[in-house]
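A closer look at the structure
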Amino acid sequence: MVRRRVLIGLTMVVTIVAVVFGGAFAFQRKLIYLPSGGPLPDAAEILPGGRDVTLVTGDGLRLAAWYSPVDGARATVLVAPGNAGNRSLRAPLAHALNARGLSVLLLDYRGYGGNTGDPTESGLALDVRAAREFLVRDAEVPPQRLLYFGESLGAAVVAELATEHPPAGLVLRSPFVDLASVGRRHYPFLPVRWLLLDTFPAAEHVSRTRAPVTVVYGAADSIVPPEQSRAVAAAAHGRTVEVPGADHNDPVLLDGPELIDAIIELAGP
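Residues numbered from 1 in each chain as written. Predicted model: local features only at pLDDT ≥ 70, side-chain atom pairs only at ≥ 80, totals over all residues. Heavy atoms only, no water.

Considering the overall build of the protein chain
Secondary structure assignment for the protein chain yields 12 helices and 10 strands. Contacts in the protein chain between residues at least 24 apart in sequence constitute 70% of all its contacts with a sequence separation of at least 6. (Helix = DSSP H or I, 4+ residues; strand = E, 2+ residues; numbered from the N terminus. Contact = heavy atoms within 4.5 Å.)

What follows is the structure, encoded as structure tokens:
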């Protein structure tokens, strides 16, 4: 009888563990990607002189984006957002960069901002390549005047792009070493590295890029530990800009002076 109860108990424990791990595996992308949908207003309603543009990905998706050019721009910034929201939330960043003489492309990934498709690591890699192709081919931006800006998860996206298409410079805001490293912070009870379908190894990518890298991060970041952002900068042999007291989603890390100045500095004269 005791042995039977032990076996039943063990069976229940194994079942619960299997359900928890299986659920975490099956629904992990719902936890990683948090898109806001559309429809969104026309670019010109949000950004003076802004244009609605369509990016065509290598797997045939047509993605809506906003392009905000500046006459005689010193450089153009390809903005790869984090894992939440849509391009309308990055409009203040575009405003601030336009005011400093930089053109901006605000990308929305597949599944974001009314775009079709479901986000995955490989899908986002295609999306950011479509954004770069638009800028270089259609907008005729010289590659040597092109900057990549990646926000959190987007930092890993542009870091991977830079291994194939080096820009004039990268600014990475609140980057993590890889997705498993930050996942362990929030789900310490799960074998995150074993479960992940998408890995986003930002530190590995920047270690292979030849472009100058600046990492901007908040000293009080509760989502991505500051030491992870510093580790990404170390892997890139890059510069760090710490914003005192700033948490991951604070406005100062969206369009604050430290962030804007870091991008302007890489833009050059």
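Quick notes on the side chain of S152
Mapped onto the elements, S152 comes out in the loop between β7 (146–151) and α6 (153–164). A distance of 3.1 Å separates polar atoms of two side chains, one belonging to S152 and the other to H248. Not counting the four nearest positions on each side in its chain, S152 is found in contact with R173, S174, P175, F176, V224 and H248. (Polar contact = N/O pair within 3.5 Å; in protein donor to acceptor, adjacent residues only side chain to side chain.)

Re the packing of helix α4 (residues 91–99) against helix α12 (residues 257–267)
In contact at an axis separation of 11 Å, α4 and α12 are set at 50° when each is read in the N-to-C sense. For the element pair α4 / α12, the angle class is oblique. Relative to α12, α4 is oriented so that their crossing is right-handed. Along its contact with α4, which presents L93, A96 and L97, the element α12 presents L259, I260 and I263. (Axes fitted to C-alpha atoms, helices over the stretch in contact; angles between N-to-C directions. Parallel < 35°, antiparallel > 145°, perpendicular 65-115°, else oblique. Left-handed = near helix turned anticlockwise from the far one by under 90°.)

Topic: the environment of G123
Along the chain, G123 falls in helix α5 (residues 121–138). The class for G123 is buried, based on a relative accessible area of 2%. (Buried < 20%, exposed > 50% of the residue type's maximum accessible area, 1.4 Å probe, protein only.)

Some details on the pairing of strand β10 (residues 239–243)
Here 5 bridges tie strand β9 (residues 213–218) to β10, and the two strands are oriented parallel to one another. Within β10, the position partnered with T214 by the bridge is R239. Following the chain from β9 across helix α10 (residues 226–236) to the adjacent parallel β10, one finds a crossover that is right-handed. (Pairing = 2+ DSSP bridges. Right-handed = clockwise from strand over helix to strand, strands pointing away.)

A short note on the nonpolar core
Ranked by size, the top nonpolar core spans 53 residues in total, and within it L55, L172 and F200 carry the most contacts. Of the residues forming this core, the biggest block, 8 residues, is contributed by α6. Among all residues touching L172, those that are not within four sequence positions of it are G150, A155, V158, V206, V213, T214, V215, V216 and V232. A43, L106, I260 and A267 belong to the second largest nonpolar core, which has 29 residues in total. (Core = buried A, V, L, I, M, F, W, Y, C linked by side-chain atoms within 4.5 Å.)

None of the figures reported here should be taken as evidence of function without further support.
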